[in-house]
Amino acid sequence: MSRRVVVTGLGVVSPNGTNVSEFKNALQNGVSGIEYIDNLKKLNFSCQIAGKPNYNKDYLNNYFNNIQLRGLNASGLEYGVIAGLDAWKDAGLSLVSKEEEPLWEAGVIFGTGILGVDKFREAIYKVDNNNVRRLGSTTVIQTMASGISAFLGGMIGCGNITTTNSSACSTGTEAILMAYDHITSGKSEIILAGSTSDSGPYIWGGFDAMRILPHKYNDNPTEASRPMSATAAGFVPGSGAGALVIESLESAKKRGATIHAEILGGQVNSGGQRNGGSMTAPNSMAVQKCIQQAIVQAGIHADDIDAINGHLTATTKDPEEIKNWTQALNRSGKEFPYINSLKSLIGHCLAASGSIESVASILQLKENFIFGTINCEILHPEISSLVDRSRIPTKTVYKPLNIVVKASFGFGDVNACIIFKKY
Amino acid sequence: MTQEELLSKLKTIVEPYVQNQEEFQKLSGDTDFINDLDINSANLVDVILDVEDEFGIEIDNDGMEKMLTVSASIDVILEKLAAK
């Protein structure tokens, strides 16, 4: 039997809450983090709203030293470091002093799509002005994708795997499963897993150009993200970071750590951009296989699942996702598990979505609630024909949960599905 | 600008990067940025950019390579100031 793996620390920097307790309150009370952003209007974006974490710049002094703060212009790095160090602290772990050896059994797997795009823009302007010599030492470390795992690993003093994964919108969920695999195989005891995504026009512009963002809600930002709704109009771009301390059960017990949840298993796969799958659309057969194999790997039955935290971005793909869930689980109507979408409250945080949504899933398990999905009072007809209305609450439902499933699907036709259980 | 004024400005520039405060307290002309003050070698580039901004000068590659100690840095800065 493989080693049991648990979650002992949580951290989050979300558009609707920049720490775990704020975030939990926002989930339970249906607080949206979507706001109008003036800069997007100035830049002529069709979609002028987004989800962006808000905090005072002074807050960074709690996480970065003076040298690290000099020339810091990488929002994803800020979010990732705050969420990561918060999770580490929540797990009751401390930072290794400069003189000590690193923690050989502890690592970091922290994903991103692209890091420090604002810093990169700064660098491009200097290079194009024949001023490459003025870049300084901070350009590389803030724009390399692995900057986030490098910063966290160095701040903590990790001596095990320290890397950054990238698989578009499944990045965060994949990072947690990579950590799970690494621990079950005995290569490490503790891994800080998570993902982060920068804010701003240079991240969101490409999606605006693809015409997959809503453009009619600039005056009503909190109503724009409408997963599963008959009037879903595209995904609202978001940003932030989520972090989880993943640990072997033995290590957690030995430390006397608080255990938030157990990870029973999961699966990562790809549809190969075949059978209806493409660079931007999932192959339904692969999605179903991913879910089914996660269930097998976790050693549970589809009927054991109490709630699903879906990918559900509020595009035309939502009905297909629901159909995939009903077929993969062979459950529908009133027999279907509860399902919700965090994207209704914070938008689609891209590379960060899987980790932030996993933090939400674990909070639900631990505190016995299913947060409501806002803006889906009238369900898409294909969805209401598959799943009973009661399974898709618009307001938070408080009830005991035992097993919650989280899945993410990303560009490149990649999928990831995790099974969390109450501990 | 006197040597003292220049030294005091240089100290202010270097301070944020210093990791050995004890050595910084007894800073002299012979103080080596990397070996004595434990400044990360990657940060030396940032020290030089800060010097350029403070004194309104441009330091070429040859100048940069010389700027490893306090007195060598002062010499380079004085030379560039004189050439302005």
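The shown structure was predicted, so the numbers you read here are calculated from the model rather than taken from an experiment. (Residues numbered from 1 in each chain as written. Chains lettered and ligands numbered in written order. Predicted model: local features only at pLDDT ≥ 70, side-chain atom pairs only at ≥ 80, totals over all residues.)

Thoughts on helix α11 (residues 284-298) of chain A
Residues and elements named next belong to chain A.
At step 1: Taking 1.5 Å per residue as the helical rise, α11 with its 15 residues ought to reach 21 Å, and the 21 Å between its terminal C-alpha atoms agrees with that figure.
At step 2: Looking at the packing, one finds that the buried side of α11 touches β8 (261-270), α12 (318-329), β13 (403-410) and β14 (414-421).
At step 3: The positive-phi residue at the C-terminal boundary of α11 is G299, with phi of around 70°. (Helix = DSSP H or I, 4+ residues; strand = E, 2+ residues; numbered from the N terminus. Expected span 1.5 Å × (residues − 1). Contact = placed C-beta atoms within 7 Å.)

Quick word on the packing of helix α4 (residues 75-90) of chain A against helix α7 (residues 147-156) of chain A
Residues and elements named next belong to chain A.
At step 1: It is at 10 Å that the axes of α4 and α7 come closest, and there the two elements cross at 40°. When the axes of α4 and α7 are compared, the crossing they make is right-handed. The segment α4 lies against α7, with G76, L77, G80, V81, G84, L85 and W88 engaging G147, I148, F151, L152, M155 and I156.
At step 2: Residues belonging to the contact of α4 with α7 are distributed by class as follows: nine nonpolar, four polar and no charged. (Axes fitted to C-alpha atoms, helices over the stretch in contact; angles between N-to-C directions. Left-handed = near helix turned anticlockwise from the far one by under 90°. Nonpolar A, V, L, I, M, F, W, Y, C, P; charged D, E, K, R; others polar.)

Focus on the sheet that holds strand β7 (residues 240-248) of chain A
All names here are of chain A.
At step 1: Taking strand neighbours across the sheet as the criterion, the 10 strands line up as β5-β4-β6-β7-β1-β8-β14-β13-β9-β10 in an open arrangement whose pairing is mixed. Bordering the open sheet on either side are β5 (162-163) and β10 (338-340), each of which pairs with just one other strand.
At step 2: Where strand β4 (residues 106-112) lies against β5, two bridges are found, and the strand directions are parallel. Along β5, the bridge assignment pairs I109 with T163.
At step 3: Taken strand by strand, α11 contacts β8, β13 and β14, and its axis lies near 145° from that of β8. (Pairing = 2+ DSSP bridges.)

A short note on the environment of A252(A)
All names here are of chain A.
At step 1: By the element assignment, A252 lies in helix α10 (residues 249-255).
At step 2: With 26 C-beta atoms packed within 10 Å, A252 lands in the buried category.
At step 3: Taking the C-alpha atoms as reference, A252 lies 41 Å from P201; in sequence the two are 51 residues apart.
At step 4: Dropping the residues within four chain positions of it, A252 is found in contact with V6, T8, E247, A257 and I259. (Buried ≥ 20, exposed ≤ 12 C-beta atoms within 10 Å, placed from the backbone.)

Let's talk about the nonpolar core
Residues and elements named next belong to chain A.
At step 1: Core analysis: the largest hydrophobic core is formed by 109 residues, its most contacted members being A179, L192, A193, L244, V245 and I246.
At step 2: Looking at which element gives the most residues to this core, the answer is α4, with eight residues.
At step 3: When residues of this core are assigned to domains, at least three fall in each of domain 1 (5-261) and domain 2 (266-421).
At step 4: A193 has contacts with I109, F110, A175, I176, A179, L244 and I246, leaving out every residue within four places of it along the chain.
At step 5: By size, the runner-up hydrophobic cluster in this structure holds 19 residues, among which are I203, I212, V236 and A314. (Core = buried A, V, L, I, M, F, W, Y, C linked by C-beta atoms within 7 Å. Domains from an automatic or database assignment.)

Notes on the domain arrangement of chain A
All names here are of chain A.
At step 1: Assigned domains within chain A: domain 1 (5-261) and domain 2 (266-421).
At step 2: On a C-alpha basis, the centroid separation for the pair domain 1 and domain 2 is 22 Å.
At step 3: Across the boundary between the two partners, domain 1 contributes 58 residues, which contact 57 residues of domain 2.
At step 4: Secondary-structure elements contributing two or more residues to the side of domain 1 that touches domain 2 are β1 (5-13), α1 (20-29), β3 (49-51), β4, α8 (171-184), β6 (190-197) and β7.
At step 5: Residue composition of the side of domain 1 that touches domain 2, by class: 27 nonpolar, 27 polar and four charged.

Remarks on the pairing of β6(A)
Residues and elements named next belong to chain A.
At step 1: β6 sits mainly inside the fold: eight of its eight residues count as buried.
At step 2: Both faces of β6 are covered, namely the face carrying I190, L192, G194 and T196 and the face carrying I191, A193, S195 and S197.
At step 3: Here seven bridges tie β4 to β6, and the two strands are oriented parallel to one another. Residue pairing across strands places F110 opposite G194, the latter belonging to β6.
At step 4: Summarising the sheet, β6 and β7 pair through eight bridges and their orientation is antiparallel. By the bridge assignment for β7, S197 is matched with G240.

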